[in-house]
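Observations on the three-dimensional arrangement
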Amino acid sequence: MTTTKRNKWADAGRVIVYTACLLLYVIGYLWYKETLVAWWIPVTIAGAFVLLTAPMLRRKWKWLTSSDDNVYLWFTHIFVVGAIVYAALLGGNRLPGASDALYEENVTVEKVIRRTHKQYRRVGRRYVVQNGQTTTSYALKVRLADGSRKEISASRTSYHQSRVNDCKVLTLRKGAFGMPVIVKVSNTRTLPSPADGSSAGA
């Protein structure tokens, strides 16, 4: 194989790996929005894992970078390992925990959010341009019982039905790593309250 072909394969490999890592960050962020946890907790865990493994693993990325530059190797290690750990942590937490029971928490809507996103298309191998189309996403910023805030995704219907200071009910379940996962957002309770259960038993 000629040097030119080897370089082309190396460039293609870098593009594939970096694109896959970007996708992992996006997927991890979407899972984070469905998890009741402060943003810094998964970031700190992923960051700690990256720093602990860097002395042993960062030079292993020469096959990807084709470089001995220590800064480049550090960047690659942080970017790649950070993506894998971040997505694995939030994705693994979505697996059933020790108890798969559902419970509810009341939250208050502080802000109703609508965002418009421009769409792009690739022209040739190097350029990306706007295609003139847009997509719209919806979210609610809510205040939890402990005073913390969380932005959660919302459907178009939920967006139009929500107002500031509305009360919403989050249906939650404990994830495999202990972080609550949002199962459903509703306007009213969907699970029987303990009082209802005791009344029924009486």
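Okay, so let's go over this structure. (Residues numbered from 1 in each chain as written. Predicted model: local features only at pLDDT ≥ 70, side-chain atom pairs only at ≥ 80, totals over all residues. Heavy atoms only, no water.)

1. Concerning helix 4 (residues 70-93)
What counts, and what does not: Each helix corresponds to a stretch of at least 4 residues labelled H or I by DSSP, and each strand to a stretch of at least 2 residues labelled E; elements are numbered beginning at the N terminus. Expected span of a helix: the number of residues minus one, times 1.5 Å. As used in this structure description, the phrase polar contact means that two N or O atoms lie within 3.5 Å; if the pair is within protein, one of them must be able to donate a hydrogen and the other to accept it, and residues adjacent in sequence are counted only when both atoms belong to side chains.
For helix 4, built from 24 residues, the straight-helix expectation of 34 Å at 1.5 Å per residue is met to within 8% by its first-to-last C-alpha distance of 34 Å. The residue sitting at the N-terminus of helix 4 and contributing the capping side-chain oxygen is D69; that oxygen lies 2.8 Å from the backbone nitrogen of V71.

2. Notes on the sheet that holds strand 1 (residues 102-123)
Adjacent strands of a sheet pair through backbone hydrogen bonds, lying either parallel or antiparallel. Our working rule: Think of it this way: DSSP has to see at least two bridges between two strands before they count as a pair. For helices, the fitted axis covers only the stretch in contact; all axes are lines through C-alpha atoms, and the angles between them, taken along N-to-C directions, range from 0 to 180 degrees.
Strands sit in the order 3-2-1-4-5 across an open sheet of five strands; the sheet is antiparallel. Only two strands of the sheet have a single neighbouring strand rather than two, namely strand 3 (149-154) and strand 5 (180-186). This sheet shows a mean twist of 45° between the axes of neighbouring strands, independent of strand direction. Relative to strand 4 (residues 167-174), strand 1 is paired through seven bridges, and the arrangement is antiparallel.

3. What to know about the packing of aromatic side chains
Here is the rule we go by: Between the rings of Phe, Tyr and Trp (Trp by its six-membered ring), a pair exists once the centres lie within 6.5 Å; its type follows the angle of the planes, with under 30 degrees stacked, over 60 edge-to-face, and the other angles tilted. Per-residue accessibility, obtained with a 1.4 Å probe over protein chains only, is compared with the maximum for each type, and a residue is labelled buried under 20%, exposed over 50%, and partly exposed between these values.
For the structure shown, the criterion picks out seven aromatic pairs. With 5.5 Å between their ring centres and 50° between their planes, Y25 and F79 make a pair best called tilted. Of this pair, Y25 sits in helix 1 (residues 3-33) while F79 sits in helix 4, and the two are 54 residues apart along the sequence. On the basis of an interplanar angle of 40° and a centroid distance of 4.8 Å, the ring pair of Y138 and Y159 is categorised as tilted. Here Y159 lies in helix 5 (residues 156-161) and Y138 lies in strand 2 (residues 127-143), a separation of 21 residues in the sequence. For the pair shown, Y138 and Y159 are each scored as buried.

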